[in-house]
Amino acid sequence: MSELEEFRILGLSEEMLRAISAKGFETPSPIQKLAIPALLSRTSDLIAQAQTGTGKTAAFGLPLLERLEPVRGAVQALILVPTRELALQVTEELLSFNYKKLSIAPIYGGASMSEQLRRLKRGIDIVVGTPGRILDHIGRETLDLHAMRYLVLDEADEMLNMGFIDDVEAIMSHMPDDRRVMLFSATMPDRVASLAQRYMHETEVLSVPSQQMTAELTDQIYFEVRESDKFDALTRIVDVEPEFYGIVFCRTKVGVDELVSRMLERGYSVEGLHGDVSQAQREQILRKFKRRQVNILVATDVAARGIDVNNLSHVINYSLPQDTESYVHRIGRTGRAGNQGTAITFISPSEFRQFGMLKREVKADIKREQLPSVQDVIAIKRAKLQDDLREVIESGNHTEYQGMAEEILTRYSAPEALSALLRLAFKNELSESHYPEIRSINVDRRGKTRIFMAIGRSDGFDARKLVDLLKRECELPDSKIDDVRLMDRFSFVTVPFNEAERVVRRLNAISRGHHPLAEVARDNRPEGSSGHREEGTERGFRKRKTSENMPRGGTLRGGAERSSRGRSAVSRGRKSSTPKRRGRK
Ligand code: ADP
Ligand code: MG
């Protein structure tokens, strides 16, 4: 069991190490390294702060489970959490290490009272509860706290906030004075920390700096976009990310409801969560989200608290969070368990100031990027269509329509029939005019050209490697490389207009006659560009390309090669595994 050495030296028992190994943990997280020995071998109260998703539950849970013996009488430990969801999650996590067979139960509002009463009567060693229901039971004298030895406030910043503080104080007044108090939280504002001291005796403070994790695992970017354009901006992002699986944060319930209904109207697979959603609905929604039956969850901060969903590809701040703590909470939901996630923040002009302050406080590098253009979106949708088409044809899964197809072709030409079918299937989704323009906010991108490259994350690239490639192969300085947008199988980058053709040529030269690696993206007019002069120039460039009906760098290749380009360049060189059409129902 030498690989569990790092857990062993924290002072955990062999039985616990076996449970940890069965659970699949390999090394303790930083907060676990700090908190476990403190709780096992010392006696002081504790304030512990570490980012969301860093294993705080086990940090207090493992020592608790080690220190308690099953009595099944009066409650020995109480863990207070702000939501029912969290009560269930924390209980689950504790049960997975429960080698001593302690009695552990969640007690929360909205669940059956009679079942809770039965369990309390039988005796519970560890209660995981929400304050309201706990107070209820204390009032009914069905919950006896006289033997309490440990109190944990999980998400302590929330528990000591206005909404909860009175309940928490009332609960504490029923506990023996020598109970040990432990606070665990992703953030610990000074106000909360000093408030907490009122309930604590000798206090140890442990902290794992938060940006350590956000910076490493979460790519943080922002877009400047008008309030009225946020919706279209969001749809573009979802449309260009075939594997989008994320939470979109709004500040209000109304905001959540409005956004959800607009997205549903457009055919996205989306659900909303906020304080007015009933517990039963909430559980159902979370189940669907976890199973990825819906890939977009729109939520308020409070409703999203404690949702334990791993592997989010995106967190989107549709509106700015109230404060820096909420920002950290929100984006902490991506990049868990070693997965890279992207946190995207929309900033409208009225949010500039608040965002400026937030950026300074978070101390992370939040980069400004350009929204995917309509051309990006359409290129990706077309590529996907080509992929899906090839898949169906290769699978032979279409023969049932053979007769119908032949009949149609007796009446119409093939291009006519196909284009009409495309129109029926996609309405105007593949045509540019269908997409509302998103005007950029005082951004000067004149004289720039967008380049498409048939390489992406699945080829082992990240933004830095891509920039390195451009620097090395095209001898472009950093300053001329802009707005890198990396997707799974392809990417876009903006370079100065007068460099574009050279860059494309260089990149295709190194692809050694395989598929062209790079092409000038179809329509290069920067969105919302008001620079008529440059627009004229770029349009001219574009025209030259489109006049060959081959806008994708076709001029650089011989005719024979061109004829093989029936399919979209975007789709060639892609792996055959097609991402599920998850963005839409
Ligand atoms: P937090 O309370 O800090 O937000 P959680 O306790 O909910 O984080 O843990 C997040 C996830 O990480 C859970 O699925 C948990 O089982 C897992 N986890 C916790 N500690 C470890 C560890 N040492 N190694 C691997 N996974 C861990
Ligand atoms: Mg937690």
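Here is what the cut-offs are and how they apply
- Residues numbered from 1 in each chain as written.
- Chains lettered and ligands numbered in written order.
- Predicted model: local features only at pLDDT ≥ 70, side-chain atom pairs only at ≥ 80, totals over all residues.
- Heavy atoms only, no water.
- Helix = DSSP H or I, 4+ residues; strand = E, 2+ residues; numbered from the N terminus.
- Buried < 20%, exposed > 50% of the residue type's maximum accessible area, 1.4 Å probe, protein only.
- Contact = heavy atoms within 4.5 Å.
- Areas by Shrake-Rupley, 256 points an atom, 1.4 Å probe, with all protein chains shown as cover.
- Pairing = 2+ DSSP bridges.
- Axes fitted to C-alpha atoms, helices over the stretch in contact; angles between N-to-C directions.
- Near = heavy atom within 4 Å.
- Polar contact = N/O pair within 3.5 Å; in protein donor to acceptor, adjacent residues only side chain to side chain.
- Nonpolar A, V, L, I, M, F, W, Y, C, P; charged D, E, K, R; others polar.
- Core = buried A, V, L, I, M, F, W, Y, C linked by side-chain atoms within 4.5 Å.
- Patch = residues over 30% accessible without salt bridge, like charges linked within 9 Å, V, L, I, M, F, W, Y side chains within 5 Å.
- Salt bridge = Lys/Arg side-chain N within 4 Å of Asp/Glu carboxyl O.

(A) Expanded view of the overall build of the chain. Along its length, the chain carries 24 helices and 18 strands. Expressed as a percentage of the 585 residues in the chain, the buried residues total 54%. Partitioning the contacts of the chain with sequence separation of at least 6, the portion at a separation of at least 24 is 76%. Surface exposure of the chain reaches about 26,800 Å², of which carbon and sulfur atoms provide 49%.

(B) Structural detail: the sheet that holds strand S4 (residues 126–129). Across the sheet, which stays open at both edges, the seven strands sit in the order S3-S4-S2-S5-S6-S1-S7 with parallel pairing between neighbours. Where the open sheet ends on each side, the last strands, each with one partner, are strand S3 (104–107) and strand S7 (203–207). Each neighbouring strand pair of the sheet contributes to a mean axis angle of 15°, computed without reference to strand direction. In the sheet, strand S1 (residues 45–49) pairs with S7 via five bridges, with the strands oriented parallel. Within S7, the residue paired with Gln-49 across the bridge is Ser-207. Packing against the sheet, helix H5 (residues 84–95) makes contact with strand S2 (77–80), S3, S4 and strand S5 (150–154), and its axis sits at approximately 175° to S3. Contacts from helix H9 (residues 162–172) reach S2, S5 and strand S6 (180–185) within the one sheet, and its direction differs from that of S2 by about 175°.

(C) Looking closely at the environment of Val-81. Examined against the element boundaries, Val-81 turns out to sit in the loop between S2 and H5. Take Val-81: its relative accessible area is 0%, and that puts it in the buried class. A sequence separation of 75 residues divides Val-81 from Ala-156, and the C-alpha atoms of the two residues are 8.1 Å apart. Apart from the residues lying within four places of it in its own chain, the contact partners of Val-81 are Leu-86, Ala-87, Val-90, Val-128, Gly-129, Thr-130, Pro-131, Asp-154 and Met-159.

(D) Representation of the site of ligand 1. Not every one of the 15 residues close to ligand 1 is listed here, only the nearest: Thr-27, Gln-32, Gly-53, Lys-56 and Thr-57. Here a nitrogen atom of ligand 1 sits 2.8 Å away from a polar atom, N or O, in the side chain of Gln-32. In this structure, Glu-93 approaches ligand 1 through a side-chain N or O atom, which is 2.9 Å from an oxygen atom. For ligand 1, the accessible surface in isolation is 560 Å², of which the surrounding protein chains cover 78%. Of the residues that constitute the shell around ligand 1, the class distribution is three nonpolar, nine polar and three charged.

(E) Local environment of the nonpolar core. Residues Leu-12, Ile-20, Leu-46, Ile-79, Ile-126, Met-182 and Phe-184 are the most contacted members of the largest nonpolar core, which totals 43 residues. Among all residues touching Ile-79, those that are not within four sequence positions of it are Phe-60, Leu-64, Val-90, Leu-94, Ile-126, Val-127, Val-128, Gly-129, Val-152 and Asp-154. Within the second largest apolar cluster, 34 residues are counted, among which are Met-148, Ala-156, Met-159 and Leu-183.

(F) Layout of a nonpolar patch on the surface. Where nonpolar side chains cluster on the molecular surface, the patch consists of Leu-418, Leu-421 and Leu-424 and spans about 330 Å² of accessible area. Topologically, Leu-418 is positioned in helix H20 (residues 414–426).

(G) How the structure looks around unusual backbone geometry. Phi at Lys-101 is positive, roughly 60°, even though this residue is not glycine. Structurally, Lys-101 can be placed in the loop between H5 and S3. Positive phi outside glycine occurs at Glu-141, with the angle close to 60°. In this structure, Glu-141 sits in the loop between helix H7 (131–139) and S5. Classification of Glu-141 as exposed rests on a relative accessible area of 71%.

(H) Molecular detail of the sheet that holds strand S18 (residues 518–520). The four strands are arranged S16-S17-S15-S18 in an open sheet whose pairing can be described as antiparallel. Sheet topology places strand S16 (482–486) and S18 at the edges, where each strand pairs with a single neighbour. Taking each pair of neighbouring strands and ignoring which way they run, the sheet shows an average axis angle of 25°. Relative to S18, strand S15 (residues 448–453) runs antiparallel, the two being bridged by three bridges. In the strand pairing of S18, Ile-451 is matched with Val-520. With respect to the sheet, helix H21 (residues 463–474) is in contact with S15, S16 and strand S17 (491–496), its orientation differing from that of S16 by roughly 125°.

(I) Focus on the pattern of salt bridges. One pass over the full model with this rule turns up 27 salt bridges. In this structure, Glu-169 and Arg-198 form a salt bridge, with 2.7 Å as the shortest nitrogen-oxygen distance. On the criterion of sequence distance, the pair formed by Glu-169 in helix H9 and Arg-198 in the loop between helix H10 (190–197) and S7 is long-range, its members being 29 residues apart. Across the pair Glu-429 and Lys-381 runs a salt bridge whose closest N-O atoms are separated by 2.8 Å. With Glu-429 in the loop between H20 and S15 and Lys-381 in helix H18 (residues 374–395), this pair connects stretches of sequence that are 48 residues apart. Note on Lys-381: relative accessible area 12%, which makes it buried. Overlapping salt bridges bring together Glu-5, Arg-8 and Glu-14 as one network.

(J) Molecular detail of the environment of Val-238. Within the secondary structure, Val-238 is located in helix H12 (residues 230–240). In this structure Val-238 comes out as buried when scored by relative accessible area, which is 3%. A C-alpha to C-alpha distance of 9.8 Å links Val-238 and Asn-295, two positions 57 residues apart in sequence. Filtering out sequence-adjacent residues up to four positions away, Val-238 remains in contact with Phe-244, Tyr-268 and Ile-296.

(K) A look at the pairing of S16. Buried residues dominate S16, accounting for four of its five residues. Examined bridge by bridge, S16 and S17 share three bridges and lie antiparallel to one another. Among the inter-strand pairings, Asp-482 is bridged to a residue of S17, identified as Thr-494.

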